[in-house]
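Residues per chain, in single letters:
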Amino acid sequence: MQFAEVAVSVPVRGNQSFHYRVPEALAEEIIRFSRVEVPFSGRLVQGFVLAFNNPPDLKKIKEIKRVVEQQPFLDDQLLVLAQWMEQRYLCGLGDALQSIAGSAIGKATGTKEQDVIIATPPDNAIEGLARAPKQRKVLEVALSRPEHTKTELAKLAGVNLQVVNSLIKKGYLSVKATEPRVELTPSLPVLTKEQEHALAKIRDAMEKQKPQAILLHGVTGSGKTEVYLRSIADTMSKGRQSIILIPEISLTPQMVARFKDRFGNLVAVLHSSMSNGERYAEKKRIRDGLAQVILGARSAIFAPTERLGLIIIDEEHEPSYKQDENPKYHAREVALKRAAQNDAVVILGSATPALESYCRAREGGPYQLVTLAHRVDNRRLPRVQIVDLREELAKGNLNIFSSPLISALSKRIEQGEKSILFLNRRGFATTVLCRRCGQVMKCPRCDISLTLHNDQRLKCHYCGYGISSPLTCPECNSKYIRGFGVGTQRVEEEVKKLFPGCKVFRMDADTTSRKGSHKEILEQFINGDGQILIGTQMIAKGLDIPEVTLVGVVSADVSLNIPDFRAAERTFQLLTQVAGRAGRGEASGDVIVQTYDPEHFSILTARDHDFISFYHREMSVRKALCYPPFSHLIRILFSGISEADVMAAAEWWQESLKGIVEETKITGVEVLGPAPAGIPKIKERFRWQLILKGAVSTDLRKVAGTLLQRAGIRFKKVTVSIDVDPLSI
Ligand code: ADP
Ligand code: ZN
Ligand code: ZN
């Protein structure tokens, strides 16, 4: 009888691997790392086979139900990575493996005619085939003359195809995909001095054959992508693969095109809207070494590479690199770990590096700093003008656009140039309020105000709840109920009023829910003589449209007023990034930033393109308040239907955490809270949180991890979710 140790994905803490019996019927199919379905406390859950060994106790052993995926592209190195994630993010091993393997893609698709066969027999296979002379012959041929196609192999051995197939099924032969190489001879631009210098430093790092990280701090339009492309070509010439992460793949079709133009079918793209078959094919090409360049969003960091040499994280400061579900990993940290496993180089690229990253790249830090201070061809960075909205109001301008912005827009329209209007808030109006009684229309399921949309419906952006907008106040019946706070739909309406006949496009979550719609809108804006593109942060990233000479920021205050210690940093990043969309062609660009807070340092330093001043100023604020990077945080979120249960759990945790701090004599760990979370209720579930704060990350994890083990599933009706180094609190 055979037993398998399976790492399951269930909310038990600590050891998540259990033994199961391998049923006779599945014995052939199940291999190490297979994704299987097993019974666990009354239901079926997924898990991964870690090993075949005997259980410590034969009683109560259950059976594996079925094989979900025979080979989910895991290996020993990725298992070590999962074990590291378990420690780093206080998640379960099964959960970490789920993240690495991604969603199940099931069975392999058929082999192609040009695919070659390689011999992968177990020990003594030839002897074992004594009674199957045809199979034996095929195996002997495959061993002596590798890499023939299936048909060729059958011919050489003088047998029919079925014999080859049966050996493939046994695992004695494997199929390796090949494909015709497309020869590309792209014309490469002559590198600028700064690019040359950056590349030289990256090459030095590669020569050392040791894990290293380089922070490539380059202003927008300084040619970072060209540096990436050259580093990848170098890596490839050494026979090693590169992974390139970009924040959101559907938002940056131009980026994908640039990589494909340069490397053709050596590029594999991984993204969430692929079919299972497509994803399987790409992963197989990566594993077989056919794809040398892997391009994808966050989860592409887990690509099953064989010989990883380089990892690039573009826009490394982007919050989308952190997963907001369990396990709450950060792709940058995973990248550094994978680089350490493979003696690979990591390049972190950004015009606005995260504070954490920049501080690690300064004197004595673990990263090397490489700077691109100028735009390619010495094009000027855009001129940024700040408009004080209080003054506009004083002058009697009640429009959402200030007079400088209106005249700048008219000028662009006259000259046939393109403009971008940025506002990081979708919908028509952010809140609907009664001016008589002060009633705000809120979602009944979430503790958040409803957003008015231009179809006269009120929508909840957290749970999707919607009602039609009331004409009178539901509280006091007054008719003085109306929308406040501007969203992108309102911006579109105002533009159409001001500039009738103007070709306007809007890009936000409401216009891009359909697959491929991003690309369509962009193409229409770029090629279809579009004049103004309105959008949320979706348009802040990566767009390289030479005809855009004006960027208007409708309100810089949206991100500034978020109650989070990273609000200033986020504002600086967004402003710099969106400003960087202007003046990328021959003509120089202008940026107009509207705000009620024109003296704020993050706005002033963004105007001056002065990251370094921003960095020092913000670091001193963080230091004074002892926030990251001067401390580490762990956020523990409790949620449940009953607020009393949630509060009770949070209080028990608070007491117990303090107990553990005392017991272990760990100093410098604070337990803050419990307090209601930023949004106190989402989808009928109340949310409370605790924050652990301290100088040493391992201390915090030790305290929280100890309690996780002890707590088990003490509060059945409350979900406890742990976020190590949260991006927002
Ligand atoms: P970044 O990623 O830093 O914003 P890009 O790599 O997109 O900058 O480069 C900006 C523009 O300059 C792109 O259109 C790119 O094709 C072009 N470019 C980059 N390097 C060079 C070069 N050495 N010579 C000429 N053009 C270049
Ligand atoms: Zn009212
Ligand atoms: Zn809601």
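Note: the structure precedes this text.
Presented here is an overview of the structure given in this document. (Residues numbered from 1 in each chain as written. Chains lettered and ligands numbered in written order. Predicted model: local features only at pLDDT ≥ 70, side-chain atom pairs only at ≥ 80, totals over all residues. Heavy atoms only, no water.)

**Description of the overall build of the chain**
Line of reasoning, step 1. Of the regular secondary structure elements, the chain holds 22 helices and 31 strands.
Line of reasoning, step 2. On C-alpha atoms alone, the chain measures out to a radius of gyration of 29 Å, which is about the 27 Å that the 2.2 N^0.38 rule sets for 729 residues.
Line of reasoning, step 3. Considered along the principal axes of its C-alpha atoms, the chain spans approximately 95 × 65 × 55 Å.
Line of reasoning, step 4. Taking all contacts inside the chain whose residues are at least 6 apart in sequence as the whole, residues at least 24 apart take part in 74%.
Line of reasoning, step 5. Within the chain, the 83 negative side-chain charges are centred at a point lying 3 Å from the centre of the 100 positive side-chain charges. (Helix = DSSP H or I, 4+ residues; strand = E, 2+ residues; numbered from the N terminus. Rg over C-alpha atoms; globule rule 2.2 N^0.38 Å. Contact = heavy atoms within 4.5 Å. Lys, Arg positive; Asp, Glu negative; His and termini not counted. Charge placed at Lys NZ, Arg CZ, Asp CG, Glu CD.)

**Observations concerning unusual backbone geometry**
Line of reasoning, step 1. Across the junction of asparagine 326 and proline 327, the peptide omega takes the value -15°, indicating a cis bond.
Line of reasoning, step 2. Along the chain, the position of proline 327 falls in the loop between strand 14 (308-314) and helix 11 (331-342).
Line of reasoning, step 3. Following proline 628, the chain continues to proline 629 via a peptide bond in cis, the omega torsion being 5°.
Line of reasoning, step 4. Among the structural elements, proline 629 can be located in the loop between helix 20 (611-625) and strand 28 (632-640).
Line of reasoning, step 5. A positive phi angle, near 70°, is found at asparagine 477, a position not held by glycine.

**Digging into the site of ligand 1**
Line of reasoning, step 1. By nearness alone, 17 residues border ligand 1, and Val190, Gln195, Gly221, Arg258 and Asp544 come closest of all.
Line of reasoning, step 2. Separating an oxygen atom of ligand 1 from a backbone N or O atom of glycine 223 is a distance of 3.0 Å.
Line of reasoning, step 3. In this structure, an oxygen atom belonging to ligand 1 sits 3.0 Å away from a side-chain N or O atom of threonine 225.
Line of reasoning, step 4. Taking 550 Å² as the accessible area of ligand 1 by itself, protein coverage stands at 77%.
Line of reasoning, step 5. Of all the elements, helix 8 (residues 224-237) adds the most residues to the shell around ligand 1, at three residues.
Line of reasoning, step 6. Here the shell around ligand 1 is built from residues that sort into five nonpolar, seven polar and five charged. (Near = heavy atom within 4 Å. Polar contact = N/O pair within 3.5 Å; in protein donor to acceptor, adjacent residues only side chain to side chain. Areas by Shrake-Rupley, 256 points an atom, 1.4 Å probe, with all protein chains shown as cover. Nonpolar A, V, L, I, M, F, W, Y, C, P; charged D, E, K, R; others polar.)

**What to know about the pairing of strand 25 (residues 532-535)**
Line of reasoning, step 1. The alternating pattern of strand 25 places Ile532 and Ile534 on one face and Leu533 and Gly535 on the opposite face, and all of these are buried.
Line of reasoning, step 2. Direction of pairing for strand 24 (residues 504-507) relative to strand 25: parallel, over a ladder of four bridges. Bridging from a neighbouring strand, arginine 506 pairs with isoleucine 534 of strand 25.
Line of reasoning, step 3. Read as a crossover between parallel neighbours, the route from strand 24 over helix 16 (residues 517-527) to strand 25 is right-handed. (Buried < 20%, exposed > 50% of the residue type's maximum accessible area, 1.4 Å probe, protein only. Pairing = 2+ DSSP bridges. Right-handed = clockwise from strand over helix to strand, strands pointing away.)

**Regarding the coordination of the zinc ion (ligand 2)**
Line of reasoning, step 1. Here the zinc ion (ligand 2) is held by Cys434 (SG), Cys437 (SG), Cys473 (SG) and Cys476 (SG), and the distances to it run 2.3 to 2.4 Å.
Line of reasoning, step 2. Residue cysteine 473 is classed as buried on the basis of its relative accessible area, which comes to 0%. (Donors = N, O, S within 2.8 Å, 3.2 Å for Na, K, Ca; no water.)

**Quick look at the sheet that holds strand 7 (residues 116-119)**
Line of reasoning, step 1. Pairing in this open sheet of three strands is antiparallel, and the strands run 8-7-9 from one edge to the other. Lying at the two open borders of the sheet, with one neighbouring strand each, are strand 8 (148-149) and strand 9 (173-176).

**Side note on the nonpolar core**
Line of reasoning, step 1. Ranked by internal contacts, the top residues of the largest apolar core, which has 110 residues, are Leu533, Phe638 and Trp653.
Line of reasoning, step 2. Element by element, the count of residues in this core is highest for helix 21 (residues 643-664), at seven residues.
Line of reasoning, step 3. With sequence-adjacent residues up to four places away left out, tryptophan 653 is seen in contact with Ile636, Phe638, Leu690, Leu707, Leu708, Ala711, Phe715 and Val720.
Line of reasoning, step 4. Met255, Phe263, Val269 and Val370 belong to the second-largest nonpolar core, a separate cluster that totals 31 residues. (Core = buried A, V, L, I, M, F, W, Y, C linked by side-chain atoms within 4.5 Å.)

**Here's the deal with helix 14 (residues 403-415)**
Line of reasoning, step 1. Taking 1.5 Å of rise per residue, the 13 residues of helix 14 would be expected to cover 18 Å, and the 18 Å separating its terminal C-alpha atoms lies within 8% of that figure.
Line of reasoning, step 2. For helix 14, every residue scored as buried is listed here: Leu405, Ala408, Leu409 and Arg412. End-on view of helix 14: buried residues confined to an arc of 100°, all on one side of the axis.
Line of reasoning, step 3. Close packing links the buried residues of helix 14 with strand 18 (418-422), strand 25, strand 26 (548-553) and strand 27 (590-595).
Line of reasoning, step 4. Positive backbone phi, approximately 70°, marks glycine 416, located one or two places after helix 14. (Expected span 1.5 Å × (residues − 1). Arc of directions from axis to C-beta.)

**Remarks on the pairing of strand 28**
Line of reasoning, step 1. Counting buried residues along strand 28, eight of its nine residues qualify, which places the element largely inside the surrounding structure.
Line of reasoning, step 2. With nine bridges connecting them, strand 28 and strand 30 (residues 685-694) associate as antiparallel partners. Residue pairing in the sheet places leucine 633 in a bridge with lysine 693 of strand 30.
Line of reasoning, step 3. Bridge count for strand 28 against strand 31 (residues 719-724) is six bridges, and the pairing is antiparallel. Directly across from isoleucine 634, in strand 31, lies its bridge partner valine 724.

**Concerning the coordination of the zinc ion (ligand 3)**
Line of reasoning, step 1. Protein-derived coordination of the zinc ion (ligand 3) comes from Cys443 (SG), Cys446 (SG), Cys460 (SG) and Cys463 (SG), at a distance range of 2.2 to 2.3 Å.
Line of reasoning, step 2. Each of the four donor atoms bound to the zinc ion (ligand 3) contributes to angles spanning 107 to 111°, and the resulting shape is tetrahedral.
Line of reasoning, step 3. Written as a sequence motif, the donor residues of the zinc ion (ligand 3) are C-x2-C-x13-C-x2-C. The exposure classification of cysteine 460 matches that of cysteine 463, with both residues buried. (Tetrahedral: all angles 85-135°; square planar, octahedral: opposite > 155°, others 65-115°.)

**What about the sheet that holds strand 15 (residues 345-350)?**
Line of reasoning, step 1. Taken in spatial order, the seven strands line up as 12-13-11-14-15-10-16 in an open sheet, and their pairing is parallel. Each edge of the sheet is formed by a strand with only one pairing partner; in this case those strands are strand 12 (267-270) and strand 16 (367-372). Direction aside, the axes of adjacent strands within the sheet are offset by 20° on average.
Line of reasoning, step 2. Of the strands in this sheet, strand 11 (241-245), strand 12, strand 13 (293-296) and strand 14 touch helix 9 (residues 253-263), which is tilted by about 155° from strand 12.
Line of reasoning, step 3. Most of the contacts of helix 11 go to strand 14, to which it runs at about 165°, and overall it touches strand 10 (212-218), strand 11, strand 14, strand 15 and strand 16. (Axes fitted to C-alpha atoms, helices over the stretch in contact; angles between N-to-C directions.)

**Digging into the pattern of salt bridges**
Line of reasoning, step 1. This model, assessed by the stated rule, comprises 41 salt bridges.
Line of reasoning, step 2. With a shortest N-O distance of 3.1 Å, arginine 88 and glutamate 333 are connected by a salt bridge. Of this pair, arginine 88 sits in helix 1 (residues 76-89) while glutamate 333 sits in helix 11, and the two are 245 residues apart along the sequence.
Line of reasoning, step 3. For arginine 88, a relative accessible area of 11% corresponds to the buried category. (Salt bridge = Lys/Arg side-chain N within 4 Å of Asp/Glu carboxyl O.)

**Remarks on helix 1**
Line of reasoning, step 1. Helix length check: helix 1, at 14 residues, gives a terminal C-alpha distance of 20 Å against a target of 20 Å (1.5 Å per residue), a fit within 8%.
Line of reasoning, step 2. Taken together, the buried positions of helix 1 are occupied by Leu78, Leu79, Leu81, Ala82, Met85, Glu86, Arg88 and Tyr89.
Line of reasoning, step 3. For helix 1, the elements touching its buried residues are strand 4 (43-52), helix 2 (93-101), helix 11, helix 22 (697-711) and strand 31.
Line of reasoning, step 4. Residue aspartate 75 occupies the N-cap position of helix 1, its side-chain oxygen lying 3.1 Å from the main-chain nitrogen of glutamine 77.

**Describing the packing of helix 4 (residues 133-144) against helix 5 (residues 150-157)**
Line of reasoning, step 1. Where helix 4 meets helix 5, the axes come as close as 9 Å, and the angle between the chain directions of the two elements is 115°. As helix 4 runs across helix 5, the sense of the crossing is right-handed. The segment helix 4 lies against helix 5, with Lys137, Val138, Val141 and Ala142 engaging Leu153, Leu156 and Ala157.
Line of reasoning, step 2. Partitioned by chemical class, the residues of the contact of helix 4 with helix 5 number six nonpolar, no polar and one charged. (Left-handed = near helix turned anticlockwise from the far one by under 90°.)

**With respect to the packing of aromatic side chains**
Line of reasoning, step 1. Applying the stated rule across the entire model yields 15 aromatic pairs.
Line of reasoning, step 2. Ring geometry for phenylalanine 601 and phenylalanine 614: centres 5.8 Å apart, planes at 25°, overall stacked. On the criterion of sequence distance, the pair formed by phenylalanine 601 in helix 19 (residues 601-607) and phenylalanine 614 in helix 20 is long-range, its members being 13 residues apart.
Line of reasoning, step 3. Under the relative-accessibility criterion, phenylalanine 614 is labelled buried at 1%.
Line of reasoning, step 4. The interplanar angle of 70° and the centroid separation of 5.7 Å between the aromatic rings of phenylalanine 638 and tryptophan 653 together place this pair among those described as edge-to-face. (Phe/Tyr/Trp six-rings, centres within 6.5 Å; stacked < 30°, edge-to-face > 60°.)

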